[in-house]
Amino acid sequence: MKEIVHPLRRFVRPSVTSTTNCPGCGNGIVTQSILRAIDELTMDIDDFVFVSGIGCAAWIPSPFFNADVLHSIHGRPIAYALGIKMGLPEKKVMVVSGDGDLVAIGGNHLIHNARRNVDITVICVNNRIYGMTGGQAGPTTPRGVKTTTTPYGSFENSFDISRLVAAAGASFVARWTTMHPREMTKSIKKAIRKKGFSFIEAYSQCPVQFGRKSGMNGSVQMMEDYRKRSVRVEKTAGLSEEDLKDRIVVGELVDIEKPEMVEEIEKTRTRAVRRPC
Amino acid sequence: MSSERVRAGRYFMMGNEACAEGALAAGCEFAAGYPITPATEIANRLAARLPQVGGAFLQMEDEISSIAAIIGASWTGKKVMTATSGPGISLMSENIGFAVGVETPCVIVNVQRGAPTTGMPTVGVQGDMVQAKHGSHGDYEIIALCPSSPQEMFDYTITAFNYAEKYRTPVFILSDAFVGHMREEVTIPEAETIERVYRKIPSQGTDPQKIKGFLDEDVAPMPIFGRGFKAHVTSSCHDEAGKRNLIDVSSLDLFVRRLSNKILKHKEDITIVDGNYAKGDVVLVSYGPVARAAAAAAKDAREAGFPAGTLRMATVWPFPEHEIEKMARKAKHVIVLENNLGQMYPYIKAAAARFTDVSFLAPRLIGQIHDPEEIVRKIKEVIQ
């Protein structure tokens, strides 16, 4: 009998035979969405350079994706990605990392590159906790949740990452959860095609850390919670902040055309040659 | 090389501008930085010049992203640099370790200023000498060059690019506010007379599964992005193929030793020192602009009948202990001159003290270059 091989296996580094994800982790769903998007666009994985930072989500492309992959240090993958895009403007540059990496320690690079509208795609896996280090609170942890660094409950407000990136100036922003893998795949396809800074926020369950700490004891329960709390952005018209307090607004929040930085730099080169200073 | 890249001729030029021109002459294609006194003129010049030759300068949100962006661009095969001062280097430190760990060619210019902390931005000191070597965590070797003049800002920037490419490593230019802001004659030679080194890259079509692109003490070819090498580049402990290994301590041992040995093994090639001394001399050991005061003092002392010589370290890292030892065997006494409280002094003393007496002389005021008269007095003092 012929061995059954997953149709996306061709995108995975041959030497990789297992993942480091915990049982029930949402990383696998996000991974599939990314690879399906590339597959459905009939692109080659070598059309991409992947960049990641530090944390569980950063291990999605590294070492799994069978392409050029730069696994950088904590918080800085978008800054590395910018340099890569400058050197290889014809390649698709995709950052895959977590909320702690991209929004806490790396928040400055996130907003500034959204502002620059650099043509890169950022997939932010938002599990609302520091998973790899054992369940510490982050800037996305909801108020009141007990974590290892907030044992009496988190006392901070949390970021709405997608709104942050939208306000900073990104061309494309979409938010989905691991309960919306097909929608997520579609949005990732759009994000890849978008000329400009495109951002996908993927709510993703971490049953081992966030689940235990928040009292939701398993990925099924957590994903069920995503389903119940999600509301499509199209259906939020007329709803107040209070109405949306515990809801997850999903969908494509921004999809606009605006000048992209790498193309703008090309124009300055023309000016510099014509009128050097 | 186009004439636009190398503007051959004789100029009256600021050290920082000469540095930027040196970068262009060396083939720099991308630079990123953040404004900081006293290094900003390098960024200004690169911002004007790089787009003229198809390159780009990006002003980033901070120094962390500046070095991250150039490391990223280096992985696409570009020659890259950044320029800053001490506070910027402090911010860059973690990423400098990354560049060392994944063997990324890049040039980092530190135009040193009064420190610690915000300090005194327009005054030159040599306060970041050891930071360049030990600023990032862990054991590693670095290359650092110390120019003494605007001409050397030009020349050593080219050397720095060549070393970076040859050894796949970050290379520091350790200048300071005095040399950076000094204006002197700078000669830019004809493009074809300038030696330029380019990193080795695996040949096109090399099987990605067979590429060993890391941890070779004789420098592995760099599997740059965009050529289908499917490079897995991780700063975590890895093997020659880039494969992460976070369990096996013998793998960590190789990771640490090979990266260090890559530089140490080629120390002779990297070391640039100017020795001008004879047996029985009091030898003045210095680097950077202090070497100019040392040369003047040695001349004055000799004219006054006191045997004095100089040893100027242009390469400070890897530390040229062999050249220091060789000098110390001949010297009657070694005086170390630095515009700081003695940063290289312990290293020099460790190499020289077996053979002769070694003493240290700071300038009367930190932030000033030594007055040659002070140095001559010290020479007389150690002789008598």
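A.B. asks: I'd like a rundown of the overall build of chain A, residues and numbers included.
C.D. replies: For chain A, the helix and strand inventory stands at nine helices and eight strands. Dimensions of chain A along its principal axes, counting C-alpha atoms only, are 65 × 60 × 35 Å. Burial analysis of chain A (277 residues in total) assigns 51% to the buried set. Of all intrachain contacts in chain A linking residues separated by at least 6 positions in sequence, the fraction that spans at least 24 positions is 67%.

A.B. asks: So, the overall build of chain B: which residues are in play, and what are the values?
C.D. replies: Broken down by element type, chain B carries 13 helices and 15 strands. For 384 residues, the compact-globule estimate of 2.2 N^0.38 gives 21 Å, and the C-alpha radius of gyration of chain B, at 21 Å, lies within 12% of that figure. Seen through its principal axes, chain B has C-alpha atoms that stretch 70 × 50 × 40 Å. Residue burial in chain B is summarised as follows: out of 384 residues, 58% are buried.

A.B. asks: Now, about the environment of Gly54 of chain B: what can you tell me, with residues and values included?
C.D. replies: Looking at the element boundaries, Gly54 of chain B is found in the loop between α2 (40-49) and β3 (56-59). The spacing of Gly54 of chain B and Gly180 of chain B is 126 residues in sequence and 26 Å in space, taken between C-alpha atoms.

A.B. asks: Explain the packing of helix α10 (residues 290-303) of chain B against helix α13 (residues 372-383) of chain B residue by residue, including any values.
C.D. replies: All names here are of chain B. Orientation of α10 relative to α13, taken along the N-to-C sense of each, is 55°, at an axis distance of 8 Å. Taken together, the axes of α10 and α13 are oblique relative to one another. Helix-helix and strand crossings are classified by hand; for α10 and α13 the assignment is right-handed. Of α13, the residues touching α10 (which contributes Ala293, Ala294, Ala296, Ala297, Asp300 and Ala301) are Pro372, Ile375, Val376 and Ile379. Looking at the contact of α10 with α13, its residues break down into nine nonpolar, no polar and one charged.

A.B. asks: Outline unusual backbone geometry, supporting the account with residue identities and numerical values.
C.D. replies: Between Ser62 of chain A and the following residue, Pro63 of chain A, the backbone shows a cis peptide bond with an omega angle of 5°. Tracing the sequence through the fold places Pro63 of chain A in the loop between β1 (48-52) and β2 (68-71). A cis amide bond, omega 15°, links Ala115 of chain B with the succeeding residue Pro116 of chain B. Within the element layout of this structure, Pro116 of chain B appears in the loop between β5 (106-112) and α5 (129-134). With phi around 50°, Thr117 of chain B is a residue other than glycine that occupies positive phi space. Looking at the secondary structure, you find Thr117 of chain B in the loop between β5 and α5. In this structure, Val219 of chain B is a non-glycine residue whose phi angle is positive, near 75°. Mapped onto the secondary structure, Val219 of chain B falls in the loop between β8 (183-188) and β9 (232-234).

A.B. asks: I'd like to hear about the interface of chain B and chain A, residue by residue, with values.
C.D. replies: Bring the parts together and some accessible area is lost; that lost area is often taken as the interface size. Across the boundary between the two partners, chain B contributes 35 residues, which contact 34 residues of chain A. Among the secondary structure elements, those contributing two or more residues to the side of chain B that touches chain A are α3 (63-74), α4 (86-101) and β9 of chain B. At eight residues, the largest contribution of residues to the side of chain B that touches chain A is made by α3 of chain B. Its residues assigned to classes, the side of chain B that touches chain A shows 16 nonpolar, 13 polar and six charged. Bridge count for β2 of chain A against β9 of chain B is three bridges, and the pairing is parallel. Each bridged residue has a counterpart across the sheet, and for Val69 of chain A the counterpart in β9 of chain B is His232 of chain B.

A.B. asks: Residues and numbers for the pairing of strand β11 (residues 282-286) of chain B, please.
C.D. replies: Residue and element names in this part refer to chain B. For β11, the tally of buried residues reaches five of five residues, placing the bulk of the element in the interior. Residues Val282, Leu284 and Ser286 of β11 are buried on one face, and the alternating residues Val283 and Val285, pointing to the opposite face, are buried as well. Across five bridges, the pairing between β11 and strand β12 (residues 308-313) is parallel. Looking at the pairing, Ser286 lines up with Arg312 of β12. Assessed by its sense of winding, the connection that carries the chain from β11 through α10 to β12 is right-handed. Here four bridges tie β11 to strand β14 (residues 333-337), and the two strands are oriented parallel to one another.

A.B. asks: Requested: an account of the domain arrangement of chain B, with residues and values cited.
C.D. replies: Residues and elements named next belong to chain B. Splitting chain B by domain gives domain 1 (9-193) and domain 2 (272-383). Each of domain 1 and domain 2 has a C-alpha centre, and these two points are 27 Å apart. Facing the 23 residues of domain 1 at the interface are 19 residues of domain 2. If you list the elements that add at least two residues to the side of domain 1 that touches domain 2, you get α5, β6 (143-145), β7 (170-176) and α7 (177-181).

What counts as what
- Residues numbered from 1 in each chain as written.
- Chains lettered and ligands numbered in written order.
- Predicted model: local features only at pLDDT ≥ 70, side-chain atom pairs only at ≥ 80, totals over all residues.
- Helix = DSSP H or I, 4+ residues; strand = E, 2+ residues; numbered from the N terminus.
- Buried ≥ 20, exposed ≤ 12 C-beta atoms within 10 Å, placed from the backbone.
- Contact = placed C-beta atoms within 7 Å.
- Rg over C-alpha atoms; globule rule 2.2 N^0.38 Å.
- Axes fitted to C-alpha atoms, helices over the stretch in contact; angles between N-to-C directions.
- Parallel < 35°, antiparallel > 145°, perpendicular 65-115°, else oblique.
- Left-handed = near helix turned anticlockwise from the far one by under 90°.
- Nonpolar A, V, L, I, M, F, W, Y, C, P; charged D, E, K, R; others polar.
- Pairing = 2+ DSSP bridges.
- Right-handed = clockwise from strand over helix to strand, strands pointing away.
- Domains from an automatic or database assignment.

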